[in-house]
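A structural walkthrough
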Amino acid sequence: MVGGKQATASKRKPSTAILNGEGSVALVPVSQDAVPINCAPIVSSYNDKIRPLLDAVDKLRNLMVMDEGIQLPTIVVVGDQSSGKSSVLESLAGISLPRGQGICTRVPLIMRLQHHSSPQPELSLEYNGIIDPTDEDNISDDIVKATNAIAGGGKGISNTPLTLLVKKNGVPDLTMVDLPGITRVPVHGQPENIYDQIKDMIMDYIKPEESIILNVLSASVDFATCESIRMSQSVDKTGERTLAVVTKVDKAPEGLLEKVTGDDVNIGLGYVCVRNRIGDETYEEALAIAHELFQTHSLLSKIDKSIVGIPVLAQKLVQIQANSIARNLPEIVKKINDKLNYCLSELNTMPKSLSSVAEAMTAFMQIIGMAKESLRKILLRGEFEEYLEDRRMHCTARLGKVRGISSIPIGFVEQVWSYVEEVVISVLMRHSENYYQLQLSARRAGHNLMAKMKERSTKWMKEIVDMEKLADYTCDPEYVSEWNRLMSQQNAFIDGVLNDEKRPSVVAIEGIGEVEVGVLRQFPHVLGQAFDLKMRMTAYWKVVLRRFVDCMALHLQLSVSNLVNKEMEAEIVNELMGPYGGGIERMLEESPTVAVKREKLNKSIKKLRDSKEVVAKIMDSINSYGD
């Protein structure tokens, strides 16, 4: 026995996964004889109850449920370039994979290995919606062709996966994702940022907690300096979901025992040392040679037999995979249900897809009715609960307290209508946001109507101004009372101007303010008349100002009321039915944003329902095992 973590691990008996009566997966010890190490197949038996679990996960992966943010238990194969990844996968699958200089794996290669009893293997490739049968003689070339179809004929990479299904007698039941080997220096034809592209792809796959990281390391390198180790450590600090495979052990046997027992890089799931097929060796010959090597080599034979050889690696991966699926399946079921419910809720909150003119007309009338009621609250009743946080929408048509219009009545009217236009357009856009064509017509109608209202009010205001300019007239008794009140200050004012010993330059008059009186001392004979004239003008302007304010307030209130209750609906109808509106039928056309969202939700719902059906079947079968 060896020391360290591996010594502890070696004391455990190998185990396999079974389904217990409670519908969950448990591991039970099996005989060491269950892992043949001197002949093919490399895994001779596998619990038939686990295979459906793996099939279910593969079906979920094919449905691309991961696009919905639902992670699946996945064995992810990573390693530095030339670490021997392809050789390990070849040994597990018993087939030849592309070899050569540079990056051989340019897309995520999902390898689905399935043991079956027939002596005739069945191989196929699936990519871009295509399923291509292949065979052992042509599989390497066909993978290259499929990769070129996905990632182009150059040396770039793509994140679009390629699935390889291998049904073969004796292979372990495994699904693994092989990723491009890590390289820092781009070769001719590779993008300058090839390292960053590969790193991003690897991180996407190994970051989820559900992923098991199979880190392939060459025996000849310092494990601590391997880029793949650094990446896995960044997402799996405890190493609890990382298994290391050490390749090329016959090339660098010195110190290997110390490396795998000392475990300076914290590999929680342990190490497996392997010697892969070389040259023209058959897989059976390679297994036999490797078995002999670990039995007789002066250094390699000292490594505990529980952590050497491809059969041991296969069995470990089978066990790890079974545990991962068992641990994650209940959460996957929950996440699928939660996401499905969320998508259904989102779809239900969207506007009903209109399929007839009658439905469009009903929707139109509802929208107009809601918009009118919102405007009545805002513009007529001063109720702002629909826009509590938007202070710009807090307005009222009661303009009796208007200030500052004495000098700019026409400009003020224009400002009022500009503000009302802003409010009206905001309300219309809010209530018609789900109907793109109606929004276009409502916006045009709103702008057109506001222009008409502004022009009408401006014309009316000019007439009021012209009337005031035509003659000084009022029958308002307030004029006389105000003039008398102001005239009561006349004597005090004249005395202050002419007789005050201090001779002040400014005298205050109530209702007028401070008046410069220096120049008035030169005209004492007309001082009384001047005071009388000023007070008459002041009293009259007060009446005029009140007429302006009252008339303008009443006019605007009536105009806004007519706008909300009558003219807005008519203007929108005219615009919608006009040459640019296209008729009520245009409401049947959804906005691009709504259409895209609806399509996306419908696709997600179908995908999640199909996924739910997959997991429901497997959960039913699990429950039936306990009956």
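In this report, the structure presented in the accompanying data block is examined. (Residues numbered from 1 in each chain as written. Predicted model: local features only at pLDDT ≥ 70, side-chain atom pairs only at ≥ 80, totals over all residues. Heavy atoms only, no water.)

1. Details of the packing of helix H10 (residues 357-381) against helix H15 (residues 527-577)
Two measures define how a pair of helices packs: the angle their axes make with one another and the distance between the axes. With their axes 10 Å apart at the nearest point, H10 and H15 run at an angle of 150 degrees to one another. Between H10 and H15, the interaxial angle falls into the category roughly antiparallel. The crossing of H10 and H15 is right-handed. Across from Phe364, Met365, Ile368, Lys372, Leu375, Arg376, Leu379 and Leu380 in H10, the residues of H15 making contact are Val560, Ser561, Val564, Asn565, Met568, Glu569, Ile572, Val573 and Leu576. Considering only residue class, the contact of H10 with H15 consists of 12 nonpolar, two polar and three charged. (Axes fitted to C-alpha atoms, helices over the stretch in contact; angles between N-to-C directions. Helix = DSSP H or I, 4+ residues; strand = E, 2+ residues; numbered from the N terminus. Parallel < 35°, antiparallel > 145°, perpendicular 65-115°, else oblique. Left-handed = near helix turned anticlockwise from the far one by under 90°. Contact = heavy atoms within 4.5 Å. Nonpolar A, V, L, I, M, F, W, Y, C, P; charged D, E, K, R; others polar.)

2. Side note on the sheet that holds strand E9 (residues 211-218)
Taken in spatial order, the nine strands make up an open sheet running E6-E5-E7-E4-E8-E3-E9-E10-E11, and their pairing is mixed. Each edge of the sheet is formed by a strand with only one pairing partner; in this case those strands are strand E6 (130-134) and strand E11 (271-273). Mean inter-strand twist for the sheet, computed between neighbouring axes without regard to direction, equals 20 degrees. As paired elements, strand E5 (residues 122-127) and strand E7 (residues 162-167) share five bridges and run antiparallel to each other. Within E7, the residue paired with Glu126 across the bridge is Thr163. (Pairing = 2+ DSSP bridges.)

3. Observations regarding the pattern of salt bridges
Inspection of the entire model under this criterion finds 24 salt bridges. Measuring nitrogen to oxygen at the nearest pair gives 3.1 Å for the salt bridge that ties Lys452 to Glu571. With a gap of 119 residues between them, Lys452 in helix H12 (residues 436-470) and Glu571 in helix H15 connect regions that are remote in the sequence. Judged by relative accessible area, Lys452 falls into the partly exposed class, the value being 42%. Of the charged contacts, one joins Arg485 and Glu482 as a salt bridge, the two residues approaching to 2.8 Å between their closest N and O atoms. Here Arg485 and its partner Glu482 are both found in helix H13 (residues 477-487), three residues apart, which amounts to about one turn of the helix. (Salt bridge = Lys/Arg side-chain N within 4 Å of Asp/Glu carboxyl O. Buried < 20%, exposed > 50% of the residue type's maximum accessible area, 1.4 Å probe, protein only.)

4. A few points about the nonpolar core
In this structure, Leu379, Trp417, Val424, Leu563 and Ile572 are the most contacted members of the largest nonpolar core, which totals 56 residues. Of all the elements, H15 adds the most residues to this core, at 16 residues. There are two domains that each give this core at least three residues, and those are domain 2 (357-393 + 403-472 + 548-588) and domain 3 (477-542). Here Trp417 is in contact with Met450, Met453, Lys454, Ser457, Leu556, Ser559, Val560 and Leu563, once residues within four sequence places are set aside. If you look at the next biggest cluster of nonpolar residues, it comprises 40 residues, including Met111, Ile139, Ile212 and Val216. (Core = buried A, V, L, I, M, F, W, Y, C linked by side-chain atoms within 4.5 Å. Domains from an automatic or database assignment.)

5. Description of the side chain of Arg275
Topologically, Arg275 is positioned in the loop between E11 and helix H8 (283-296). Judged by relative accessible area, which is 10%, Arg275 ranks as buried. Within the structure, Arg275 has its side chain in polar contact with the side chain of Glu281 (distance 2.8 Å). With near-sequence residues (within four places) excluded, Arg275 lies in contact with Val249, Asp250, Glu281, Ala286, Ile289, Ala290, Leu293 and Phe294. (Polar contact = N/O pair within 3.5 Å; in protein donor to acceptor, adjacent residues only side chain to side chain.)

6. Some remarks on empty space enclosed by the protein
Within the structure shown, the criterion is met by three cavities of 30 Å³ or more. Size it by volume and the largest cavity reaches roughly 90 Å³. In terms of lining residues, the largest cavity is bounded by Ser86, Leu97, Pro98, Cys104, Thr105, Arg106, Val107, Leu109, Ile143, Thr147, Leu162 and Asp178. Of the residues that constitute the lining of the largest cavity, the class distribution is seven nonpolar, three polar and two charged. (1 Å grid on protein atoms, 1.4 Å probe; cavity = no way out; pocket = protein on both sides within 12 Å on 5 of 7 lines; lining within 4 Å. Points joined across faces, edges and corners; volume = space filled by probe spheres on them.)

7. Some thoughts on the packing of aromatic side chains
Under the criterion given, the structure shown has two aromatic pairs. Ring centres 6.0 Å apart and planes at 20 degrees place the aromatic pair Phe223 and Tyr271 in the stacked group. On the criterion of sequence distance, the pair formed by Phe223 in the loop between E9 and helix H6 (227-235) and Tyr271 in strand E11 is long-range, its members being 48 residues apart. As far as burial versus exposure is concerned, Phe223 and Tyr271 are alike and both buried. Geometry around Tyr283 places Arg277 over its ring, the cationic atom sitting 4.4 Å from the centre. (Phe/Tyr/Trp six-rings, centres within 6.5 Å; stacked < 30°, edge-to-face > 60°. Lys NZ or Arg CZ within 6 Å of the ring centre and 35° of its normal.)

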